[in-house]
Amino acid sequence: MSSRSSENRRADSAAGESAGPGGLLSSWRERRRFRSLRPRRGPARVQIGITDRCNYRCLMCTMHSPLVTGLPPEGERAHMALDTFEHLLRDLSHLGGTERLDIVGVGEPMLHPDCLAMVEQARQAGFEVGLATNGFLLDEQKARRLGELGLEKLHLSINSGSEEVYREVHPNTPPGTRQRILDCLAGMNAHCDRLGIRRPRLGLACVIFKQNYRDLLGLVESAAAVEATDVHFMPMGTTPETEKIALSDDEWRTAREIMDEAHQLALRLGLTTNAPDLLSLERPGLCREIYGRMPCYIGHTFALVWADGQVRFCCGCDLALGDLNQHSFREIWRNGAYAETRRRALAMPRSGESVPRCACFEACPHWRDNVATHQHLHPDAPQLLPEVDP
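Residues numbered from 1 in each chain as written. Predicted model: local features only at pLDDT ≥ 70, side-chain atom pairs only at ≥ 80, totals over all residues. Heavy atoms only, no water.

Notes on the sheet that holds strand 4 (residues 153-157)
The cut-off we apply is this: Strand pairing is assigned whenever DSSP detects at least two bridges linking the two strands. Elements are defined by DSSP. Helices are runs of H or I of four residues or more, strands are runs of E of two residues or more, and each kind is numbered from the N terminus.
Taken together, the 10 strands give an open sheet; going across it, the order is 7-6-5-4-3-2-1-8-9-10, and neighbouring strands pair in mixed fashion. Every interior strand has two partners, whereas the edge strands, strand 7 (272-273) and strand 10 (320-323), have only one. As judged from the 4 bridges shared by strand 3 (residues 128-133) and strand 4, these two strands associate in the parallel manner. What sits directly across from Gly130, in strand 4, is Lys153.

If you want it as structure tokens, here you go:
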């Protein structure tokens, strides 16, 4: 699998070359591949939710917040079987083209008893692997093991810049939890350095709402203290019960200023943030403008697999295209429902219509990826794209 991935990366690199007859031919072949509604190769990146269960009760969470009523008991929520995960790995290896797996989920991945085994199996199959976690179940041994496995990215939801705010956001955590988690991250980096192996890229993440929007500078400082690589800001999704902790218009204006200040601080400290992309989404009609000028390619480059086996088109789409409990990923990836959804996504510049049940024109979470793909396929036509920086 690893040699196959190397071949795919070399092919993708060649496809972007525009100088010389070989480069032009490769670019043409690559564009033709993206027109196929039943592609031979698999998605370049796959997000896999391995559990919907969580040990945290974050205030702002739509699925586990103590403010939200009517949620199913944690023990009844979906939990991906190890053999389902293994079959998925085999299918992706067979299809070829997949380079990265992100183990995420509606819940906390490290609650899954096979989480580290899944990371190990995916690495042995030749995939780059990312893991998103709240970090509570990290200890010195597990943190070191993740480094030894060659984890490519560890995405940690910290949601605060201080212990006080952390306790308010995560009300069921004991005192000292935040610092203990940060110590584990620093220990992981030190362990990798001692072994002479590459550290995982480390990102600290924060969903922004009333309780923490003034705490963003502390978040960046914490990220720098543990030698993270980036800070990720996220808007808050709401339910009727959590609307009261969402930012008001006035608070959001203040949050914008603080986020911009945090972004500038991060740059000075050698960190990157997604603040420019997040703030760009505020521009009225940005996503509609983008997809009026270029297609959505996400049906060729990405797939989302939920813990219950549902395969979804993207992160901004409430559209299941198949179920791993009934069909293999290879069958789903090439089925008629997927082909029709790809057709609609590719046709958006002509049709002016969003993919059904997708947030294409509102707040597409994949717009930057699609812009990058379009520029890769059409390096000589940047004028097709709108100005997308804030």
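Picking up where we left off.
Regarding the side chain of Asn134
Counted only if it meets this: The buried label goes to any residue with under 20% of its type's maximum accessible area, the exposed label to any with over 50%, and the partly exposed label to all in between, with areas taken from a 1.4 Å probe on protein chains only. Distance and chemistry together define a polar contact, namely a pair of N or O atoms within 3.5 Å, with one atom able to donate a hydrogen and the other to accept it when in protein, and with adjacent residues in sequence counting only for side-chain atoms on both sides. Note on contacts: a residue pair is in contact if any heavy atoms of the two residues lie within 4.5 Å.
As for its placement among the helices and strands, Asn134 is situated in the loop between strand 3 and helix 5 (140-148). For Asn134, a relative accessible area of 6% gives the class buried. Separated by 2.9 Å, the side chain of Asn134 and the backbone nitrogen of Phe136 make a polar contact. Filtering out sequence-adjacent residues up to four positions away, Asn134 remains in contact with Cys54, Asn55, Tyr56, Glu108, Leu156, Ser157, Tyr166 and Ile181.

Some remarks on the pairing of strand 5 (residues 201-207)
Definition in use: Every crossover in which the path from the first strand over the helix to the second runs clockwise, viewed with the strands pointing away from the viewer, is termed right-handed.
With respect to burial, strand 5 is a largely interior element, 6 of its 7 residues being buried. The pairing of strand 4 with strand 5 spans 5 bridges and is parallel. The residue bridging Leu154 from the neighbouring strand is Leu202, located in strand 5. Assessed by its sense of winding, the connection that carries the chain from strand 5 through helix 8 (residues 216-225) to strand 6 (residues 230-234) is right-handed.

Topic: the environment of Trp333
Residue position: Trp333 is located in helix 13 (residues 329-333). A sequence separation of 12 residues divides Trp333 from Leu321, and the C-alpha atoms of the two residues are 8.4 Å apart. Of the polar contacts made by the side chain of Trp333, one reaches the backbone oxygen of Arg41; its length is 2.9 Å.

Things to note about the pattern of salt bridges
This is how it is decided: The rule for a salt bridge is simple: a side-chain nitrogen of Lys or Arg has to be within 4 Å of a carboxyl oxygen of Asp or Glu.
Within the structure shown, the criterion is met by 23 salt bridges. Two residues, Arg144 and Glu140, come together in a salt bridge whose shortest N-O distance is 2.8 Å. Here Arg144 pairs with Glu140, and both are found in helix 5, just 4 residues apart, close to one helical turn. For Arg144, a relative accessible area of 28% corresponds to the partly exposed category. We note a salt bridge from Asp277 to Arg368, for which the minimum N-O separation is 2.8 Å. Here the residue Asp277 occupies a position in helix 10 (residues 275-280), and Arg368 occupies one in helix 16 (residues 367-377), the gap between them amounting to 91 residues. Here Arg368 falls in the partly exposed class, since its relative accessible area comes to 28%. Via salt bridges that share partners, Arg45, Arg100, Asp102, Glu152, Arg201 and Asp369 belong to a single interconnected network.

Quick word on the side chain of Arg178
If you trace the backbone, Arg178 turns up in helix 7 (residues 177-195). Not counting residues up to four positions away in its chain, the partners in contact with Arg178 are Ile158, Ser160, Gly161, Ser162, Glu163, Tyr166, Gly218 and Ser222.

What to know about the state of the cysteines
Here is the rule: Here, the term disulfide refers to a pair of cysteine sulfur atoms separated by no more than 2.5 Å.
Summed over all chains, the structure comprises 1 disulfide. In this model, Cys317 is linked to Cys358 through a disulfide, with the two sulfur atoms separated by 1.8 Å. Where Cys317 bonds to Cys358 through sulfur, the torsion about that S-S bond is close to -60°, and the disulfide is left-handed. Placement of the pair is Cys317 in the loop between strand 9 (310-312) and strand 10 and Cys358 in the loop between helix 15 (348-351) and helix 16, with a sequence separation of 41 residues. On the basis of relative accessible area, Cys317 is assigned to the buried category, the value being 5%. What makes Cys358 buried here is its relative accessible area of 10%.

Considering the environment of Phe127
Along the chain, the position of Phe127 falls in the loop between helix 4 (115-124) and strand 3. Judged by its relative accessible area of 0%, Phe127 is buried. A sequence separation of 221 residues divides Phe127 from Met348, and the C-alpha atoms of the two residues are 32 Å apart.

Here's the deal with the packing of helix 5 against helix 7
The geometry of a pair of packed helices is captured by two quantities: the angle between their axes and the separation between those axes. Applied cut-off: Lines fitted to the C-alpha atoms define the axes, with helices restricted to the stretch that makes contact. Angles between their N-to-C directions range from 0 to 180 degrees. Any angle that falls under 35 degrees is termed roughly parallel, while one over 145 is termed roughly antiparallel, one within 65 to 115 roughly perpendicular, and all others oblique. Helix crossings fall into two classes, left-handed where the near helix is turned counterclockwise from the far one by less than a right angle and right-handed where it is turned clockwise. Charged means Asp, Glu, Lys or Arg here, nonpolar means Ala, Val, Leu, Ile, Met, Phe, Trp, Tyr, Cys or Pro, and polar covers whatever is left, Gly included.
Running from N to C, helix 5 and helix 7 cross one another at 45°; their axes reach a closest spacing of 8 Å. Considering their axes alone, helix 5 and helix 7 lie oblique with respect to each other. The way helix 5 lies across helix 7 gives a crossing that is right-handed. Along the contact surface, helix 5 presents Glu140, Ala143, Arg144, Gly147 and Glu148, while helix 7 presents Cys184, Met188, His191, Cys192, Arg194 and Leu195. Tallied by class, the residues present in the contact of helix 5 with helix 7 amount to 5 nonpolar, 2 polar and 4 charged.

Focus: helix 11 (residues 286-293)
What counts is decided by this rule: Here the arc refers to the set of directions running from the helix axis out to each C-beta atom.
Those residues of helix 11 not exposed but buried are Leu286, Cys287, Ile290 and Tyr291. Along the axis of helix 11, the buried residues cluster in a sector spanning 120°; they form a single face.

Quick look at the nonpolar core
Short version of the rule: Buried residues of nine kinds, namely Ala, Val, Leu, Ile, Met, Phe, Trp, Tyr and Cys, make up a nonpolar core once their side-chain atoms join them within 4.5 Å.
Counting residues in hydrophobic clusters, the biggest one holds 101 residues, and the most contacted among them are Phe85, Leu138, Leu154, Leu185, Phe233, Tyr291 and Phe329. Among the elements that make up this core, the one with the highest residue count is helix 9 (residues 249-268) (6 residues). Look past the residues within four positions of Phe233 in its chain and what remains in contact with it is Cys206, Ile208, Leu216, Leu219, Met259, Ala262, Thr273, Asn274, Ala275 and Leu278.

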